[in-house]
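# Residue-level structure breakdown
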Amino acid sequence: MAGHPANTLTERDPTMQGNEETSGPRAGDAKARFVGLMIRRRRTVVVATLLLVATSIVGAMRLRLNADFVTYLSAENPVVRAYHYVGEVFGGNETGVVLVTVPDVYRPDVLALIDTLTATYEEIEGVAYAMSLTNTLEFSGTDWGIEVGRLVRGDAIPTTSPELAALRRRVNANPRLAGSLVSTDGTVAAIQLRFATGATDHQGATLATVQQVVGATEDLTSVPGRWSSVTVQFGGMPFLMHQIALQIAENMALLVPLMVAFLVLVLYIGLRHWAGVVYPLVVVLVSSTLVLGVMGTLGLPVDLLSGLVPIVLIVLGSADGIHYMKRYYEHRLQGGSSAVAAAATYRDIWVPLVLTTLTTMIAFGSLGISNVTIIRQFGLLTAFGLFSALVVTLTLLPAMAAFGLGAPRAGKTGRHSNLMASVARLVQRAPRTVLTTGLAATAVAGLGTALIVKSVDWTLCLKRGSSAHRAELLLRDKLGGSLPIQLLVQGDLLDPATLLTMRTLERRLNALPSVSKSQSLAGLMAEMSGALNGRYAVPQTREGVANLWFLVEDEGAIEQLVAWGEPHEGLVQARVTDWETHSIRDAVEGIDEWLNARTPAVVVDLRKLSGIAASAILDEKAAHLVAELQAEFAGHRVAAPTSLNVAAETFTEWQVDSVARSEIRYAVRQYLTSAEAEASVTPGAAERLAQTFADAASVLGVDSTRTDVGTRRSMPGVDQHDQAALALSLAHITNEVVGSRRVAGAMATLAAVQALRQDSVLRRDVRGVFWEAHAPLMVLSDSDAERWGVRGSDAARAVPISVSRSGLASVLDRMETELLPTQIQSLLVTLVVVVVLLSLMFRSPLAGVLMVTPLAAAIVMNFGTMGYLSLGLDSFTAMVATIAIGLGVDYAIHFTHRLRRELARVGARTQGALTNTLQSSGVAILVNALSVGVGFLVLLAATCQHIRRFGGLTSLAMLVAGGFTLLLLPSLYVHLKPRFLEPRGIR
Amino acid sequence: MRTQAIRIVAGAVFAALSAGPARAQDAAWVLERVDSTLTAPKDIVATQRVVLIDADGRQKERTLRVYQQGLDRRLAKFVTPAAVRGVGFLRLADDQMYLYLPAFRRVRRIASSIKHEDFMGTDLSYEDLSRTHFGNDYRAVGMTSAEQVHTLTLEARPDADVSYGKIVMRVLPERWVIVDMQLFARDGRLLKTIAASDIRQVGEYWMAHRLEVRTVRDGHRTVLEYEDLQVDTGLSDDFFSQRQLKRSS
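Because the structure is predicted, anything quoted here is derived from the model rather than measured.

### Observations concerning the overall build of chain B
Scanning chain B for helices and strands turns up four helices and 13 strands. Looking at chain B as a whole, 49% of its 249 residues qualify as buried.

### Examining the overall build of chain A
Along the backbone of chain A there are 33 helices and 15 strands. Over its C-alpha atoms, taken along the principal directions, chain A stretches across nearly 130 × 65 × 45 Å. Looking at the 987 residues of chain A, the share that counts as buried comes to 56%. Here the contacts in chain A between residues at least 6 apart in sequence split such that 79% fall between residues at least 24 apart.

### Comments concerning the nonpolar core
Core analysis: the biggest nonpolar cluster contains 364 residues, and Val98(A), Leu99(A), Met525(A), Val604(A), Val811(A), Ala858(A) and Ala884(A) have the highest contact counts within it. One finds Ala660(A), Tyr671(A), Leu689(A) and Val702(A) within the second-largest nonpolar core, a separate group that totals 23 residues.

### Some points on the pairing of strand β8 (residues 149–156) of chain B
Residue and element names in this part refer to chain B. Here strand β7 (residues 138–146) runs beside β8; their pairing, made up of eight bridges, is antiparallel. From the neighbouring strand, alanine 140 faces β8, where its bridge partner is leucine 154. In sequence, β7 turns back onto β8 through a hairpin of two residues, with glutamate 147 there showing a positive phi of about 45°. Pairing geometry for β8 and strand β9 (residues 166–172), over six bridges, is antiparallel. Counted as the bridge partner of histidine 150 is valine 171 from β9.

### Description of the sheet that holds strand β13 (residues 777–781) of chain A
Residues and elements named next belong to chain A. The sheet built from three strands is open, its strands ordered β13-β10-β14 with antiparallel pairing. The open sheet terminates on both sides in strands that have one partner only, identified here as β13 and β14 (796–798). The sheet shows a mean angle of 30° between the axes of neighbouring strands, taken without regard to direction. Sheet topology note: the strand β10 (residues 600–605)/β13 ladder contains five bridges and is antiparallel. By the bridge assignment for β13, valine 602 is matched with leucine 780. Docked against the sheet, helix α15 (residues 496–511) engages β10 and β13, running at close to 65° with respect to β13.

### Focus on the sheet that holds strand β7 (residues 483–490) of chain A
Residue and element names in this part refer to chain A. Strand order in this open sheet of four strands is β8-β9-β7-β15, and the pairing throughout is antiparallel. Lying at the two open borders of the sheet, with one neighbouring strand each, are β8 (515–519) and β15 (802–806). Taking the axes of each pair of neighbouring strands and ignoring which way they run, one obtains an average angle of 20° across the sheet. Relative to β15, β7 runs antiparallel, the two sharing five bridges.

### Some remarks on the packing of α15(A) against helix α16 (residues 521–533) of chain A
All names here are of chain A. At a minimum axis distance of 8 Å, the contact between α15 and α16 shows a crossing angle of 100°. In terms of orientation, α15 and α16 fall into the roughly perpendicular class. When α15 is examined against α16, the residues Leu499, Met502, Arg503 and Glu506 are found in contact with a partner set consisting of Leu521, Ala522, Gly523, Met525 and Ala526. Residue composition of the contact of α15 with α16, by class: six nonpolar, one polar and two charged.

### Let's talk about the confidence of the model for chain B
All names here are of chain B. Averaged over every residue, the pLDDT of chain B is 80; residues scoring 70 or more account for 83%. When the criterion is pLDDT under 50, residues 1–25 qualifies, and its contacts beyond four places in sequence or with other chains add up to 109 contacts. The ipTM assigned to the predicted complex is 0.77, against a pTM of 0.77.

### What to know about the environment of Arg65(B)
Residue and element names in this part refer to chain B. The residue arginine 65 is located in strand β2 (residues 59–69) in this model. A residue is classified by how many C-beta atoms lie within 10 Å of it, and arginine 65, with 17 of them, is partly exposed. Note: C-alpha distance between arginine 65 and leucine 92 (27 residues apart in sequence) is 17 Å. In this structure arginine 65 touches Thr47, Lys77 and Val79, once residues within four positions along its chain are discounted.

### Points about unusual backbone geometry
Note: most peptide bonds trans; most residues except glycine with negative phi. Pro81(B) follows Thr80(B) through a cis peptide bond whose omega is 0°. By secondary structure assignment, the location of Pro81(B) is in the loop between β3 (73–80) and β4 (88–92). Positive phi values are uncommon outside glycine, yet Arg843(A) reaches one of about 55°. Positionally, Arg843(A) belongs in the loop between α29 (808–841) and α30 (845–868). A positive phi angle, near 75°, is found at Glu174(B), a position not held by glycine.

### Describing the environment of Ile349(A)
All names here are of chain A. Considering the arrangement of structural elements, one finds isoleucine 349 in helix α10 (residues 338–365). Assessed through the 27 C-beta atoms surrounding it within 10 Å, isoleucine 349 is described here as buried. With 168 residues separating them along the chain, isoleucine 349 and leucine 181 place their C-alpha atoms 66 Å apart. Among residues more than four places away in sequence, those in contact with isoleucine 349 are His323, Tyr324 and Arg327.

### Comments concerning the environment of Ala526(A)
Residues and elements named next belong to chain A. Mapping alanine 526 onto the fold places it in helix α16. Alanine 526 sits in the buried class, given 27 other C-beta atoms within 10 Å. Once the C-alpha coordinates of alanine 526 and leucine 499 are considered, the two residues, 27 residues apart in sequence, prove to be 9.6 Å apart. Non-local contacts of alanine 526, meaning those with residues more than four positions away in its chain, are made with Arg503, Tyr536, Ala537, Val538 and Gly768.

### A word on the pairing of strand β6 (residues 231–236) of chain A
All names here are of chain A. Across the six residues that make up β6, a large majority, five, are buried. Both strand β1 (residues 94–101) and β6 contribute to a ladder of six bridges, which runs antiparallel. Counted as the bridge partner of valine 100 is valine 232 from β6.

### Here we look at helix α2 (residues 42–60) of chain A
Residue and element names in this part refer to chain A. The end-to-end C-alpha distance of α2 is 27 Å, a good match for the 27 Å that 19 residues give at a rise of 1.5 Å each. By the burial criterion, the buried members of α2 are Arg42, Val45, Ser56 and Ala60. Buried residues in α2, looked at end-on, bunch into an arc of 55°, giving them a common side. Along α2, exposed side chains directed more than 90 degrees from the buried face belong to Arg43, Thr44, Val47, Leu50, Leu51, Ala54 and Val58.

### Some words on the confidence of the model for chain A
Residues and elements named next belong to chain A. In this model, chain A carries an average pLDDT of 83, and 93% of its residues clear a pLDDT of 70 or more. For residues 1–25, every residue scores under 50 in pLDDT, and the model assigns this stretch 62 contacts once sequence neighbours within four places are set aside. Note on residues 410–414: pLDDT is under 50 here. Beyond four places in sequence and across chains, it has nine contacts.

### A few points about the packing of helix α25 (residues 720–748) of chain A against helix α27 (residues 760–774) of chain A
Residue and element names in this part refer to chain A. Here α25 crosses α27 at 130°, and the two axes come no closer than 10 Å. Considering the angle they form, α25 stands oblique to α27. Like other packed secondary-structure pairs, α25 and α27 cross with a definite hand, here right-handed. Within the contact between the two elements, α25 uses Gly739, Arg742, Val743, Ala746 and Met747 and α27 uses Arg767, Phe770, Trp771 and His774. Looking at the contact of α25 with α27 residue by residue, the classes come out as five nonpolar, two polar and two charged.

### Focus on helix α4 (residues 108–123) of chain A
The terminal C-alpha atoms of α4(A) lie 23 Å apart, and with 16 residues this matches the ideal 22 Å at 1.5 Å per residue to within 8%. Residues of α4(A) that are buried: Val110(A), Leu111(A), Leu113(A), Ile114(A), Asp115(A), Leu117(A), Thr118(A) and Tyr121(A).

Rules used throughout
- Residues numbered from 1 in each chain as written.
- Chains lettered and ligands numbered in written order.
- Predicted model: local features only at pLDDT ≥ 70, side-chain atom pairs only at ≥ 80, totals over all residues.
- Helix = DSSP H or I, 4+ residues; strand = E, 2+ residues; numbered from the N terminus.
- Buried ≥ 20, exposed ≤ 12 C-beta atoms within 10 Å, placed from the backbone.
- Contact = placed C-beta atoms within 7 Å.
- Core = buried A, V, L, I, M, F, W, Y, C linked by C-beta atoms within 7 Å.
- Pairing = 2+ DSSP bridges.
- Axes fitted to C-alpha atoms, helices over the stretch in contact; angles between N-to-C directions.
- Parallel < 35°, antiparallel > 145°, perpendicular 65-115°, else oblique.
- Nonpolar A, V, L, I, M, F, W, Y, C, P; charged D, E, K, R; others polar.
- pLDDT = per-residue confidence, 0-100.
- Expected span 1.5 Å × (residues − 1).
- Arc of directions from axis to C-beta.
- Left-handed = near helix turned anticlockwise from the far one by under 90°.

See the structure below:
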């Protein structure tokens with residue numbers, strides 16, 4: 001090679017040669033003996049390696065895929081435990097959605113298809129529950145009663161236009177159905193599937209169920225010409241898992257060959273010799289196989305990240321081989337035999353090889369501190385793979401090289417040498433200019449870091465345009481999203497106080513901008529109550545709750561919301577509108593904020609309060625009422641009117657007036673003449689009873705001591721049991737009239753609110769809030785009860801309610817929140833360890849600092865690029881910086897190590913030393929940076945967008961790190977002339 | 001809610017028997033005997049224990065007091081669990097159904113369109129509970145006889161508003177009590193099975209005191225057991241009223 005330094009090696013017994021310069025005589029002897037052994041026993045080494053590879057292949061046969069996001073966190077994580085608990089108690093917590101897109105859902109044939117699909121899915125063992133338009137419950141009120149039944153029965157599907165139009169109206173009037181089971185425009189119907197849990201191989205069972213669902217759907221919809229206007233798509237976590245599992249396999253099948261091809265190309269361009277291609281390739285293939293074998297043997301699954309380990313190893317593991325082969329060729333070009341060249345190369349680069357591998361292992365190994373299983377596994381497995389690659393490089397490579405190879409003709413890498421000579425000249429002549437330019441470029445990039453988006457869409461792990469991706473977008477667009485968030489409520493669910501709390505939670509969830517479609521038992525109770533008596537509110541009494549509960553407790557739809565048996569555990573569940581990390585964070589923070597401040601603990605009976613406490617609680621009730629109303633408006637995405645305070649004030653201060661008493665009298669008389677009255681009374685008695693109840697009415701209920709006496713006096717001779725029953729009925733009627741008047745009064749103050757006039761559902765819900773406030777009870781947090789002085793009083797009783805957050809959204813949020821600090825820790829750990837290691841190695845803290853400087857600049861460039869390109873900071877992109885340090889520092893080590901050797905050899909002729917270094921190690925660095933950079937570019941072919949971003953950014957970081965090492969580091973050395981470069985500093 | 005339960009109960013459970021001639025009968029004749037048996041008692045009063053058993057074997061238990069008169073009138077009041085004591089259900093002629101929820105102190109009419117729905121978590125629909133005369137909605141299309149049991153195949157009449165397209169029932173000859181039934185959807189799928197047992201004589205009628213209903217799809221079962229079963233007690237027509245629905249205990 002032109003301009004190469006003279007070789008200092010002589011033809012001696014390779015097994016006896018040491019490298020005193022770098023490691024002292026004794027270490028040199030040991031190394032010499034070791035490499036001599038490898039060379040003498042080269043056939044044994046090759047056979048042993050082949051045996052190891054064969055064993056690894058057997059182990060790798062046991063590899064399994066893992067696409068379950070939940071397993072990416074530790075099973076001991078509280079969020080994961082809560083997630084699994086909900087799954088066990090409620091028969092499953094993974095919800096898939098089958099989306100049927102048609103021009104119009106409200107067609108008999110489409111409804112029949114939905115019914116058939118629903119019934120078919122219910123037959124599949126792994127489906128715990130299937131819910132669609134054709135089997136969901138409907139609570140409808142009529143002029144004369146209530147109907148609790150199916151919205152559409154499979155054997156009575158509407159066929160006429162009026163019937164279909166009526167169905168459309170009923171669905172659109174019910175927010176539980178519209179925008180949830182059918183899009184409001186009537187073009188998409190959803191069949192929600194709750195996947196069963198309990199299988200030993202949960203993921204395997206889920207994926208098998210997914211395949212059955214997809215297969216059954218294809219069977220039913222593949223009739224030629226029959227369903228040409230129907231598109232069926234699959235969304236939600238189970239289908240997403242299925243898609244990801246396919247992608248993991250697809251990634252490995254596509255990317256590994258692609259990566260190998262790129263590596264071959266780059267190696268040939270860089271080293272211009274078949275052995276330069278084959279030998280490094282053998283190293284990476286052997287180490288990758290070893291890693292896969294270990295994974296299979298230890299039962300570690302292949303997931304989104306660990307599936308990349310072989311690909312990363314192909315890129316990284318080749319570096320050692322490249323440096324080895326580069327140096328080997330130098331020796332060969334100087335006329336050494338293959339055995340001597342192999343041994344001499346070994347001695348020359350033993351230190352940088354070990355050191356660079358160590359630093360890269362530190363970078364990846366530092367990911368082992370992560371709480372996120374896949375990150376930890378990825379980091380540790382890659383570190384192990386790198387160690388394997390080092391071992392193979394130090395054993396197999398000298399052995400193979402010693403078999404004898406031809407050497408490339410001198411000048412084949414001349415273009416690189418010329419390029420490097422130019423770099424050397426530039427650095428020598430204008431180090432400040434180079435440094436200033438680099439600094440300026442870094443500064444510009446640094447400005448971009450301010451633009452980094454801290455939100456990432458989890459669906460980026462789906463292939464853009466894939467069926468699963470389109471389904472997710474459709475779910476977002478038309479059906480409120482697919483990502484469930486749940487609140488587990490533990491307590492007595494028949495207690496109105498518990499249900500009022502759940503209603504509050506529903507409202508608070510809906511009020512969050514990124515959450516919609518909340519539902520719970522309390523919401524269903526309110527809906528039933530609305531059908532029964534026109535008020536969309538949970539019953540005020542335990543008996544009322546128990547009665548409604550009895551109507552639905554064994555319905556399949558309820559099993560999703562209430563645990564089997566005595567109702568002590570229920571879910572308030574909702575959907576996060578998208579899979580953006582910021583949406584998930586907003587939802588989680590919003591919920592936690594409320595839970596931390598307002599966890600209910602005490603319920604106060606307002607009828608038992610008097611004096612200051614009563615007044616204080618009423619003020620609190622008014623404030624609570626305003627907050628609930630605001631949440632209701634926010635949930636409807638309508639700005640809350642300023643008149644809410646007036647409405648709340650009107651409501652809390654309202655008292656029974658003459659109009660109300662007149663209505664009570666009328667209602668009592670009407671009841672007494674109805675067929676259902678418990679006893680017949682004379683007109684005179686009816687009038688007396690009407691007056692008694694009108695007089696006894698108050699805003700907090702009927703004074704039963706007065707009405708009991710009045711009833712007995714008005715109904716002499718009537719059975720006592722009937723008297724008591726009648727008194728209860730009349731008290732109930734009286735309370736209804738009082739409540740109606742009170743609510744009507746409050747609603748009148750909001751009459752000018754346009755949204756209320758236009759939106760009947762909002763009107764219904766706001767009325768419901770007032771009706772719930774009409775209950776003579778108030779649920780308080782422990783601290784509020786203490787503050788208002790009612791804790792421990794006769795009016796207060798404890799309500800042991802526990803509310804905890806769960807759902808897949810919680811798991812993803814925890815993953816993200818645990819991930820970023822971990823990544824930062826990994827970055828810092830890697831930086832510190834690398835700086836310390838380099839400082840010790842070169843006996844100078846300055847060495848450590850200077851050698852990581854190009855990397856620091858490369859990292860800034862990386863983050864700046866992310867900012868300018870709006871690439872979100874997520875678990876994948878955050879890893880890039882750590883990896884860039886681990887890999888990039890190799891360049892600095894190789895460069896510095898070689899420069900010191902050249903300086904030691906040529907003395908004060910720094911320019912020559914620098915040129916020699918750039919033309920030898922510099923070329924290797926350039927080849928390596930190109931191979932790693934281009935290698936990671938292969939990940940751009942991955943189906944998962946997360947991985948594509950990771951690949952692109954890592955590629956950029958490595959190219960920049962390589963470039964900066966070749967430009968900035970020599971400029972720094974030329975400019976600063978650090979003493980650690982002097983030969984005496986070398987260990 | 002389970003309107004069907006009452007029908008099958010009335011049909012199979014309260015089956016009383018009028019002895020028939022021991023000769024080869026055709027299917028229609030046998031169905032007529034079965035229907036006659038079902039409608040033989042003038043009225044029935046009983047305590048009904050209902051056990052709901054899901055596919056995992058988990059159980060819930062309820063107790064009702066039931067009153068029935070003729071073909072159309074039935075009143076049932078829940079006794080246990082305590083939380084729902086007093087919840088009542090009344091069925092009158094022409095599919096008029098009423099529900100009483102004591103907490104709301106009001107009787108509410110239930111739409112007849114839900115007669116195909118399950119009744120209160122049982123495996124019986126309102127329709128099952130209400131049926132006392134198969135011949136109105138079904139015609140017998142075949143019969144085989146073996147080992148002292150007639151196996152009767154019924155098909156729904158084209159205009160009948162019923163859930164089942166086909167019913168296969170096994171009937172004890174001479175007593176004309178149904179011992180079991182298989183209920184099929186119109187597309188031929190087996191939906192439910194009903195097995196009657198503990199057949200004893202009450203007064204002059206033979207009746208099954210235990211029914212087990214199983215839904216094929218989810219493996220859910222309902223066991224109905226009758227205690228304190230009385231017949232021909234002389235219930236008045238007025239008893240089956242909204243007022244009584246609220247009052248009776």
